[in-house]
Amino acid sequence: MSVKIVLRKKPKTDGSMPLCIRITRDRKSSYVYLGHHVQEKDWDAKGQRVLKSHPNSARLNNLLIKKLSEATDKSIELETVKVDVSSKAVKQKIKPKHGATFAPQADQYLENLSATGRYNQFVADKPRVERFKAFVGGDTAFADITPAVLAKFRVYLKATFEVKERTIINHLVVIRSVYSQAMKAELVDRKHYPFGKDKTKIKYPESVKIGLSQDEVTALEQVELVEPFYHHARNLWLISFYFAGMRVSDLLRLKWSDIRDGRLHYQMGKNDKVGSLKVREKALRLLAEYDRDHELIFPDLRETDMSDKYASQRRISFTTGRVDKVLRKYIKERAGISGALTMHMARHTFAQLAGDKVPLQMLQKLYRHSNITTTIGYQSHFIHKDADAALDAVLGT
């Protein structure tokens, strides 16, 4: 009998393939999926390891060593007790005894987030998992997670933590993700799935999106900030705004090599969309304040190992929190801004000032949305012309 880590040739739409434990006996193989996918170019089949070209090779290889050791031990244990054993029998032995319960699958879900460097989601989802565990008394079978139980969990969250509907939905999304993971691993029957039509529906409530006015943007541009980090925080906000509300995670990763012939060329981290934007004179003046001694334009990530996705996302999160605190507590008051001021408000502000003056197809390109419907939904928060006209028609001006 052989037990190996393999890359199974069942590619996803992005070309990545699932990592599996393959158990072979008498030329018959069974597979245990490990919940991770990598590109074939990042896989060393002979060495059964992820190559360094993958941004999270170290964490993934540590996980693979652990899983291979566990699987090998289980196969030896089973063969010692029973000489005539099939690959399927070993597969069942390798699977967790309590695999069809929520807690171990949730732990695996969080481990997967950590191993693939998804720091922000890991930090957000871990307490959500813990709250559901506390609600069910530590663990529960997937078959017992019914729409009725999820309805009670909604009440529990609202009564115990006084959270809003959006936060409740975020908890349900995590439970759904863990449930889907268990179904893919064939640990739970799909018939028990508690989400969907006539069951538990997941729909985010609409949120109010309001940006700064043009006068407030001008005030932010002109306010004097002698403190170096305050000045830098204001620069980050304005440059994000000048680049159509660029996300802070992309902004902090910008390199000098991304700017060529007066244009910015970059790939958005959220969906890998690429594009090019004109670097306006206002942005050039601010960028000129930063030295070119490092490939990164801004200093915030220069001491961070950018090949370590988990570490870089963590650093981006800390930096964004620090910048938002300065914007919210100090710069907002000095600039005379009445509403909220955070890095994400730069995106809302661009959308608000664009209103219905820019074609949706162009906004889709600027926002790097994959689907025009996303752009329509987002921009609808900032277009009030028709509603105002309707009120004027009935009530007069």
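Just so we're clear, the structure is a prediction, and the values are computed from it rather than from any experiment. (Residues numbered from 1 in each chain as written. Predicted model: local features only at pLDDT ≥ 70, side-chain atom pairs only at ≥ 80, totals over all residues. Heavy atoms only, no water.)

A.B. asks: I keep staring at the sheet that holds strand β2 (residues 17-25) and nothing clicks. Help me out?
C.D. replies: Strand pairing in a sheet takes place through backbone hydrogen bonds and is either antiparallel or parallel in direction. Strand order in the open sheet made by the three strands is β1-β2-β3, with antiparallel pairing throughout. Of all the strands in the sheet, the pair left with one neighbour each is β1 (2-7) and β3 (28-38). Strand-to-strand twist of the sheet, defined as the mean angle between neighbouring strand axes without regard to direction, takes the value 20 degrees. In the sheet, β2 pairs with β3 via eight bridges, with the strands oriented antiparallel. Across the sheet, Ile23 pairs through a bridge with Ser30, a residue of β3. (Pairing = 2+ DSSP bridges. Helix = DSSP H or I, 4+ residues; strand = E, 2+ residues; numbered from the N terminus. Axes fitted to C-alpha atoms, helices over the stretch in contact; angles between N-to-C directions.)

A.B. asks: Can you help me understand a positive patch on the surface in this one?
C.D. replies: A surface patch of positive charge is lined by Lys12, Arg118, Lys184 and Lys309. Mapped onto the elements of the fold, Lys184 is located in helix α6 (residues 165-184). (Patch = residues over 30% accessible without salt bridge, like charges linked within 9 Å, V, L, I, M, F, W, Y side chains within 5 Å. Areas by Shrake-Rupley, 256 points an atom, 1.4 Å probe, with all protein chains shown as cover. Salt bridge = Lys/Arg side-chain N within 4 Å of Asp/Glu carboxyl O. Lys, Arg positive; Asp, Glu negative; His and termini not counted. Charge placed at Lys NZ, Arg CZ, Asp CG, Glu CD.)

A.B. asks: Would you mind going over α6 with me for this structure?
C.D. replies: Quick reminder: α-helices carry 3.6 residues per turn. Residues three or four places apart thus point the same way. For α6, spanning 20 residues, the distance from its first C-alpha to its last is 29 Å, which sits close to the expected 28 Å at 1.5 Å a residue. Along α6, the positions that sit buried rather than exposed are Ile168, Ile169, Asn170, His171, Leu172, Val174, Ile175, Val178, Tyr179, Gln181, Ala182 and Met183. The elements touched by buried residues of α6 are α3 (102-115), α4 (119-136) and α5 (147-161). Just downstream of α6, Glu186 is the residue with a positive phi angle, here 60 degrees. (Expected span 1.5 Å × (residues − 1). Buried < 20%, exposed > 50% of the residue type's maximum accessible area, 1.4 Å probe, protein only. Contact = heavy atoms within 4.5 Å.)

A.B. asks: Just to check I follow, could you spell out the nonpolar core for this structure?
C.D. replies: Considering soluble globular proteins, one finds that nonpolar side chains tend to be buried as a cluster. Core analysis: the biggest nonpolar cluster contains 51 residues, and Trp237 and Ile331 have the highest contact counts within it. Put simply, the parts of the chain that give this core at least two residues each are α7 (214-222), α8 (228-242), α9 (248-251), β7 (263-267), α10 (281-287), α11 (309-335), α12 (345-354) and α13 (360-367). No other element matches α8, which puts nine residues into this core. Leaving out residues up to four positions away in the same chain, Trp237 has contacts with Leu212, Val217, Leu220, Leu327, Leu341, Thr342, Met343, Met345, Ala346 and Thr349. Formed by 28 residues, the second largest nonpolar core is a distinct cluster that contains Ile145, Leu150, Val163 and Tyr179. (Core = buried A, V, L, I, M, F, W, Y, C linked by side-chain atoms within 4.5 Å.)

A.B. asks: Please explain the layout of surface pockets as it appears in this structure.
C.D. replies: Over the atoms a probe the size of a water molecule is rolled, and this reveals where empty space is left. In this structure, the second largest pocket encloses a volume near 390 Å³. Lining the second largest pocket are 20 residues; nearest its centre among them are Tyr242, Ala244, Lys278, Arg280 and Phe350. Looking at the lining of the second largest pocket, the elements that each hand over two or more residues are α7, α8, β8 (274-278), α10 and α13. For the lining of the second largest pocket, the residue count by class is nine nonpolar, three polar and eight charged. (1 Å grid on protein atoms, 1.4 Å probe; cavity = no way out; pocket = protein on both sides within 12 Å on 5 of 7 lines; lining within 4 Å. Points joined across faces, edges and corners; volume = space filled by probe spheres on them. Nonpolar A, V, L, I, M, F, W, Y, C, P; charged D, E, K, R; others polar.)

A.B. asks: Can you walk me through the packing of α3 against α4 in this structure?
C.D. replies: How two helices sit against one another is set out by the angle between their axes and by the gap between those axes. Remark: α3 packs on α4, axes separated minimally by 10 Å, with the N-to-C direction vectors making an angle of 170 degrees. As the angle between them shows, α3 and α4 are arranged roughly antiparallel. For the pair α3 and α4, the contacting residues are Phe102, Ala103, Ala106, Asp107, Tyr109, Leu110, Leu113 and Ser114 in the first and Gln121, Phe122, Asp125, Lys126, Val129, Phe132 and Lys133 in the second. For the contact of α3 with α4, the residue count by class is nine nonpolar, two polar and four charged. (Parallel < 35°, antiparallel > 145°, perpendicular 65-115°, else oblique.)

A.B. asks: Quick question: what am I supposed to make of the side chain of Arg234 here?
C.D. replies: Relative to the helices and strands, Arg234 resides in helix α8. No salt bridge is formed by the buried Arg234, whose closest oppositely charged neighbour, Glu289, lies at an N-O distance of 6.8 Å. Not counting residues up to four positions away in its chain, the partners in contact with Arg234 are Leu220, Glu221, Val223, Leu225 and Ile331.

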